[in-house]
Amino acid sequence: MSSTATALQHWLDVRPTTEQAYALLDHADWRTLAPRAIELREQGWGTRISYSRKVFVPLTQLCRDVCHYCTFAQTPRKLAKPYLEPDDVLRIAHEGAALGCKEVLFTLGDQPERRYASARDALKRLGFASTLDYLEYIAGRVLRETGLLPHLNPGLMGAQQLDRLRHVAPSMGIMLESTSSRLCESGGAHYGSPDKNPARRLETLRLAGVARVPMTSGILIGIGETRRERIDALLALRELSDRHGHIQEIIVQNFRAKAGTKMHAAAEPTQDDLCWTIAAARLIFGSAMSIQAPPNLYGGDLPELIEAGINDWGGVSPLTPDHVNPEAPWPHLDQLAADTARGGGDLVERLTIYPRYVRERRAWLADELQAPVLRLSDGAGFARPGVWSPGSAEAASADDLRDIPLPPGEGGAQRRVRGSEYEPGLAITASPSPLPLSRRERGSIADLIQRASSGVELAEHEIAGLFTARGADFVSVCSAADALRQKMLGDTVSYAVVRNINYTNICVYKCGFCAFSKGRAHEELRGKPYLVDLGEIRRRVIEAWDRGGSEVCMQGGIHPSFTGQTYLDICRAAKQAVPQMHVHAFSPLEVSHGAQTLGISVGEFLAELKHAGLGSLPGTAAEILDDDIRRELAPDKLDTRGWLDVVEQAHRAGLPTTSTIMFGHVEGYEHWARHLLALRRLQQRTGGLTEFVPLPFVHMEAPMYLRGRARRGPTLREALLMHAVARLVLHPLIPNVQASWVKLGPQWAQRCLRAGANDLGGTLMNESISRAAGAAHGQELAPADMQRLIADIGRPWRQRTTLYGDASAERIARACIAAPLGDVVNAPVMRRSAALPA
């Protein structure tokens, strides 16, 4: 084996040195580099091949440069007006937003006012001194008025200009194109183009790194450079990227000869030449860098570009043409997805900035951009598809549904697609075409599923990996979870007839996600402060029993006047009203508060609660069991150790609990994994967890969302995966996984029953917390509705007790003839310090 080949064997973990990079020139055939390029791409990106759905805004086609291959730049006499007017730009952006675009790409010529009087006159009329001043203004308006994220390609910029523009755009770009100064000499492609001087372009990139601006750059091949000069340029970009960490993608773009240019007769690079350059770029930059090639410029079979090492197609527009290459239309997204699948990948939408920069947004984005980026992203930092959100009455869109493929043969009558609209005639399957069997990522997912299904505890990064599943992997995870559910529990779906009693919405804590609690910090939210007296609690308990209920679930805010005695009184009132009623009450936070106010230990207080009639505890207030996230959500609440300690002590006291996760706000997949592991290990110690209940974040009225500090809850794919992954990861320790119809809606709770869940939770009768946050799925799902929901998927139903025993025949019969609920009395309070009345 040659020394070069030996070096290639070790490049998966160690990038080539400069000398080794030039040794790539010895490999003339890109197919000799492809196996390493594929491994590197899959190591960094798995099966995900991304794109950005964008609108292309040519702010001005005037340019002081005269690149010999370019048809974008025009002279004033060929243009109706020098610049797009603000109304023109906003119209394009609004139309793009209506089509689901998330990026507006501003492309423009370099500093045309330095060459053309008409540009200077137009800028003066618009009220700006320079093109970059106008760009800053209009990009800011697009951001504020449409929600689209601007990506700016204005050419050379100085430090002050970069600092100003980073407040209106999450990302910018400048193509290096080449480091060959020959191309700037007479006869070269860049002759007469002062802004294409390689040193000046590299300086702009350096200044962008200092300013911490996520940047796109890359090379243009076939304009007279040699392969060695391409490596020169790639190494120059790598050095800047290593120094500042700001180059988020490298574009390898092939020259296209265009009529009317000086290079109209120049030979275009071959498909093999483009693939060689892509493979070389992948090896030089390693696994973490995004390597992009525009799909509309490649004349061959697109899966070849994936084989060469790309993980990104760049921007694709459903509205506007590629104004730089107008002769090359964008591929239809359905066709691009099919071509991606043929190459072994899953097409995934991203934002203008890549996931790493979304996750590290505080370090990379100006304050003004934090909220717009967060609201458009999912938990991994990719783009959030569609319109669905937990609690929303808005139906899932075509984009939402594409993100959750069905297993082959399932649900064809429920969901059919053609193009971008759902209509009869063409069933969705797991992917548009068969996938290769040898992809390492798919093998890894299959191995994780097998190990988890065998009861093996997965590592944190492995669990996080399951949450990245898309396409065929998504189908595999959900199908495996459903099969495991069937094997362990059979097909019966359970539910309980339960009444929720939220006895106060006054709370001393300032949880950023909570729209239920009312205090001085939350006075602007809907609903007035109230306090339910003990008499009303007794009345509701009796009414619940008369309607077939077997449980009352009682929780509330941490009222400033509440002590441990308050909770004991509430518990006794419920048991006095109906001794047979199971009392499921008090979050770990309430238990901790009660013990502290009485000056006794948590264990002692739990014993008193049990003596007063408490039967079990809801495992709420868990949110995310990671202290970094908890500090962001609710800095003054129980920390992770405190929550786990209260729950463990409850189990030791003979009080079982449920367990929950509240997800889809500021956390990432690694935090979900950490949370599931904490619950699994707790259950190994105590065995006291009866169920796991994923609670998707309902964003609409949540204070942290209204302040721009949270996502819009999990995506539909993430919500389904939470149930599926939990079934696998918690196996065999926590047997029951519940789907929350209140937050998901009945339709998607039903879908969770095919992805590992086995329980639909309680009928509730009264539901206040999700409703206060904006959820629109009602306060009660009657037993008959539960039964229909279950029967619709061909499964038997079972009415259960809190601890998963069978409800008695008498309870089932009573629930079937329940009278309508009477009006609840939530007594308003004038003073936040008011105590609970008897």
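The structure presented is a predicted model; accordingly, all values stated were derived computationally and were not measured.

Structural notes on the overall build of the protein
Next, step 1: When you go through the protein residue by residue, the secondary structure sums to 33 helices and 18 strands.
Next, step 2: Classification of the 838 residues of the protein by burial places 63% in the buried group.
Next, step 3: For the protein, long-range pairs separated by at least 24 residues make up 77% of all intrachain contacts whose partners lie at least 6 apart in sequence.
Next, step 4: Of the roughly 30,200 Å² that the protein leaves accessible, carbon and sulfur atoms contribute 52%.

Re the pairing of strand β1 (residues 48–60)
Next, step 1: Within β1, 13 of the 13 residues are buried, which leaves it mostly tucked inside the rest of the structure.
Next, step 2: The sheet contact formed by β1 and strand β9 (residues 346–350) spans five bridges and is parallel. Considered in β9, the bridge of Ser 52 is made with Arg 350.
Next, step 3: The pairing of β1 with strand β8 (residues 312–316) spans three bridges and is classified as parallel. When the sheet's bridge partners are listed, Arg 53 is paired in β8 with Val 316.

Thoughts on the environment of Ser 494
Next, step 1: Tracing the sequence through the fold places Ser 494 in strand β10 (residues 493–496).
Next, step 2: Considered as a pair, Ser 494 and Asp 759 are 265 residues apart in the sequence and their alpha carbons are 4.8 Å apart.
Next, step 3: The residues contacting Ser 494, other than those within four sequence positions of it, are Asn 758, Asp 759, Leu 760, Gly 761, Arg 798, Arg 800 and Tyr 804.
Next, step 4: In terms of polar contacts, Ser 494 uses its side chain to reach the side chain of Asp 759, at 2.5 Å.

What about the sheet that holds strand β13 (residues 582–585)?
Next, step 1: Strands sit in the order β11-β12-β13-β14 across an open sheet of four strands; the sheet is parallel. Where the open sheet ends on each side, the last strands, each with one partner, are β11 (498–502) and β14 (614–616). Neighbour-to-neighbour, the strand axes of this sheet turn through a mean angle of 40 degrees, independent of strand direction.
Next, step 2: Most of the contacts of helix α20 (residues 534–546) go to β11, to which it runs at about 170 degrees, and overall it touches β11 and β12 (551–555).
Next, step 3: Packed onto the sheet, helix α21 (residues 564–577) meets β12, β13 and β14 and runs at close to 155 degrees relative to β13.

Observations regarding the nonpolar core
Next, step 1: In this structure, Val 477, Met 554, Phe 586 and Leu 760 are the most contacted members of the largest nonpolar core, which totals 132 residues.
Next, step 2: The residues contacting Leu 760, other than those within four sequence positions of it, are Val 493, Ser 494, Tyr 495, Gln 738, Ala 739, Trp 741, Ala 749, Leu 753, Met 786, Leu 789 and Ile 790.
Next, step 3: Core analysis: the second largest hydrophobic core is formed by 88 residues, Leu 24, Ala 122, Ile 221 and Trp 330 among them.

As for the side chain of Arg 499
Next, step 1: Position of Arg 499 among the secondary structure elements: in strand β11.
Next, step 2: Within polar-contact distance, the side chain of Arg 499 engages the side chain of Glu 543 at 2.6 Å.

Re the packing of helix α18 (residues 460–467) against helix α28 (residues 716–729)
Next, step 1: Orientation of α18 relative to α28, taken along the N-to-C sense of each, is 140 degrees, at an axis distance of 9 Å. By the criterion of interaxial angle, the relationship of α18 to α28 is oblique. Of the two elements, α18 crosses α28, and the hand of that crossing is right-handed. Judged by residue contacts, Ile 463, Leu 466 and Phe 467 of α18 engage Arg 717, Leu 721, Met 722, Val 725 and Val 729 from α28.
Next, step 2: Grouping the amino acids of the contact of α18 with α28 by side-chain chemistry returns seven nonpolar, no polar and one charged.

Observations concerning the sheet that holds strand β18 (residues 797–800)
Next, step 1: Spatially, the three strands line up as an open sheet ordered β17-β10-β18, and their pairing is parallel. Since the sheet does not close on itself, it has two edges, and those belong to β17 (759–762) and β18, each with one partner. The sheet shows a mean angle of 20 degrees between the axes of neighbouring strands, taken without regard to direction.
Next, step 2: As paired strands, β10 and β17 are joined by two bridges and run parallel to one another. For Ser 494, the partnering residue across the bridge sits in β17 and is Asp 759.

Quick notes on helix α10 (residues 271–285)
Next, step 1: Along its 15 residues, α10 runs 21 Å from first to last C-alpha, staying within 8% of the 21 Å computed at 1.5 Å per residue.
Next, step 2: Most of α10 is tucked away, with 13 of its 15 residues classed as buried.
Next, step 3: Backbone geometry just after α10 places Gly 286 at a positive phi near 85 degrees.

As for the packing of aromatic side chains
Next, step 1: For the structure shown, the criterion picks out 14 aromatic pairs.
Next, step 2: Ring centres of Tyr 134 and Tyr 137 lie 6.5 Å apart, and the angle between their planes is 20 degrees; on these two criteria the pair is classed as stacked. Here the residue Tyr 134 and the residue Tyr 137 both occupy positions in helix α6 (residues 131–146), the gap between them amounting to three residues, near one helical turn.
Next, step 3: Note on Tyr 137: relative accessible area 32%, which makes it partly exposed.
Next, step 4: Judged by centre distance (6.0 Å) and plane angle (40 degrees), the ring pair of Phe 467 and Tyr 669 falls under tilted. Note that Phe 467 is positioned in helix α18 and Tyr 669 in helix α26 (residues 669–686), a separation of 202 residues in sequence. Accessibility assignment for this pair places Phe 467 and Tyr 669 in one class, buried.

Some points on the confidence of the model for the protein
Low pLDDT means the predicted coordinates in that region are not meant to be read closely.
Next, step 1: In the predicted model, the protein carries a mean pLDDT of 90, and the fraction of residues at 70 or more is 90%.
Next, step 2: Taken as a whole, residues 1–7 scores under 50 in pLDDT and shows six contacts with residues more than four places along the chain or in a different chain.

With respect to the packing of helix α3 (residues 34–45) against α10
Next, step 1: Where α3 meets α10, the axes come as close as 9 Å, and the angle between the chain directions of the two elements is 55 degrees. As summarised for this structure, α3 and α10 are arranged oblique, according to the angle between their axes. When the axes of α3 and α10 are compared, the crossing they make is left-handed. Residues Arg 36, Ala 37, Leu 40, Arg 41 and Trp 45 of α3 touch α10, and the partners they reach there are Ala 279, Arg 282 and Leu 283.
Next, step 2: Residue classes in the contact of α3 with α10 are distributed as five nonpolar, no polar and three charged.

Let's talk about the pattern of salt bridges
Next, step 1: Tallied over the entire structure, the rule returns 58 salt bridges.
Next, step 2: Of the charged contacts in the structure, one is a salt bridge between Asp 482 and Arg 485, with a shortest N-O distance of 2.7 Å. With Asp 482 and Arg 485 both in helix α19 (residues 471–489), this residue pair falls three residues apart, about one helical turn.
Next, step 3: The class of Arg 485 is buried, set by a relative accessible area of 2%.
Next, step 4: A salt bridge links Arg 674 to Asp 626, with the nearest nitrogen and oxygen atoms 2.5 Å apart. In this pair, Arg 674 is assigned in helix α26 and Asp 626 in the loop between β14 and α24 (627–633), connecting sequence segments 48 residues apart.
Next, step 5: Under the relative-accessibility criterion, Arg 674 is labelled partly exposed at 29%.
Next, step 6: Asp 626 gets classed as buried once you look at its relative accessible area, which sits at 7%.

Comments concerning unusual backbone geometry
Next, step 1: In this structure, the amide linkage connecting His 731 to the following residue, Pro 732, adopts the cis form with an omega of 0 degrees.
Next, step 2: Positive phi outside glycine occurs at Ala 621, with the angle close to 65 degrees.
Next, step 3: Among the structural elements, Ala 621 can be located in the loop between β14 and α24.
Next, step 4: Ala 621 sits in the buried class, given a relative accessible area of 12%.
Next, step 5: Although it is not a glycine, Glu 623 sits at a positive phi angle of roughly 45 degrees.
Next, step 6: Mapped onto the secondary structure, Glu 623 falls in the loop between β14 and α24.

Reading the values: the criteria
Residue indices begin from 1 for each chain and proceed along its sequence in written order. In view of the model being predicted, local features appear only for residues whose pLDDT reaches at least 70, and side-chain atom pairs are presented and counted only at 80 or more, with totals across whole chains, interfaces and linings using the full set of residues. Only heavy atoms go into the side-chain values, all of them from the structure, while hydrogens and water stay out. Numbering of helices and strands runs from the N terminus; a helix is a DSSP stretch of H or I covering at least four residues, while a strand is a stretch of E covering at least two. Summary of the burial criterion: residues with accessible area below 20% of their type's maximum are buried, those above 50% are exposed, and those between are partly exposed, where the area comes from a 1.4 Å probe applied to protein chains only. By definition, residues are in contact when any of their heavy atoms lie within 4.5 Å. The Shrake-Rupley method, run with a 1.4 Å probe, gives the accessible areas here. Residue values count only the displayed protein chains as cover. Between any two strands, pairing holds if DSSP finds at least two bridges. As used in this structure description, the phrase polar contact means that two N or O atoms lie within 3.5 Å; if the pair is within protein, one of them must be able to donate a hydrogen and the other to accept it, and residues adjacent in sequence are counted only when both atoms belong to side chains. To obtain each axis, a line is fitted to C-alpha atoms, and for helices this fit is confined to the stretch in contact; angles are then taken between N-to-C directions over 0 to 180 degrees. The criterion is simple. A nonpolar core is a set of buried Ala, Val, Leu, Ile, Met, Phe, Trp, Tyr and Cys residues joined through side-chain atoms within 4.5 Å. Should an angle fall under 35 degrees it is called roughly parallel, over 145 degrees roughly antiparallel, and 65 to 115 degrees roughly perpendicular, with every other angle called oblique. Each helix crossing is assigned a hand: it is left-handed if the near helix lies turned anticlockwise from the far helix by less than a right angle, otherwise right-handed if that turn is clockwise. Throughout, the ten residues Ala, Val, Leu, Ile, Met, Phe, Trp, Tyr, Cys and Pro are labelled nonpolar, Asp, Glu, Lys and Arg are labelled charged, and all others, Gly among them, are labelled polar. A helix is expected to reach a length of 1.5 Å times the quantity of its residues less one. Only Phe, Tyr and Trp rings are paired, with Trp represented by its six-membered ring, and only when their centres lie within 6.5 Å; those with planes under 30 degrees apart are stacked, over 60 edge-to-face, the remainder tilted. What pLDDT expresses is the predictor's confidence in each residue, scored from 0 to 100. Salt bridge, as applied in this entry: a Lys or Arg side-chain nitrogen positioned within 4 Å of an Asp or Glu carboxyl oxygen.

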